[in-house]
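Results of the structural survey
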Amino acid sequence: QLQLVESGGGLVQPGGSLRLSCALSGFTLDYYGIGWFRQAPGKEREGVSCISSSGGYTNYADSVKGRFTISRDNAKNVVYLQMNSLEPEDTAVYYCATHLTPLTMFRNCVLARGGYNYWGQGTQITVSS
């Protein structure tokens, strides 16, 4: 079965850092673009970052530009989200997602939820003193 599993969440103080991982199984990462999304209580799920299947294109929400970095390791079938200078507003459940049609996001990617149709279970990030 195709599977996306997020890990690396937890409690961190403002200004701290966390590194999230999205491990893929059942398919080869080379053919799939990956997006990171988050959802805070009372808010809609929003796009945070994405990376094309080629690895040559990345995109970030304005709220995280300069603080978050997305990367991929195709050999390990893992996508990472490095989060620095975390703020309380970053508190949310973070999800990774893909589109099950291969090469849908080959040269670029989008931060819209409609661009993805397969989701992980999410991992909680809490930024608090």
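Residues numbered from 1 in each chain as written. Predicted model: local features only at pLDDT ≥ 70, side-chain atom pairs only at ≥ 80, totals over all residues. Heavy atoms only, no water.

**Quick look at the pairing of strand S4 (residues 34-39)**
Burial within S4 is extensive, with five of its six residues counted as buried. Pairing geometry for S4 and strand S5 (residues 46-51), over five bridges, is antiparallel. When the sheet's bridge partners are listed, Gly35 is paired in S5 with Cys50. Between S4 and the antiparallel strand that follows it, S5, lie six residues; Gly42 among them carries a positive phi value of about 80 degrees. Here six bridges tie S4 to strand S9 (residues 92-98), and the two strands are oriented antiparallel to one another. Residue pairing in the sheet places Trp36 in a bridge with Cys96 of S9. (Buried < 20%, exposed > 50% of the residue type's maximum accessible area, 1.4 Å probe, protein only. Helix = DSSP H or I, 4+ residues; strand = E, 2+ residues; numbered from the N terminus. Pairing = 2+ DSSP bridges.)

**Focus on the packing of aromatic side chains**
Tallied over the entire structure, the rule returns four aromatic pairs. Ring geometry for Phe27 against Tyr32: centres 4.7 Å apart, planes inclined by 75 degrees, an arrangement best described as edge-to-face. A single burial state applies to Phe27 and to Tyr32, both of which are buried. Their ring planes at 65 degrees and their centres at 4.9 Å tell us that Phe37 and Trp119 sit as a pair that is edge-to-face. Of this pair, Phe37 sits in strand S4 while Trp119 sits in strand S10 (residues 118-119); the two residues are 82 residues apart in sequence, bridging distant segments of the chain. (Phe/Tyr/Trp six-rings, centres within 6.5 Å; stacked < 30°, edge-to-face > 60°.)

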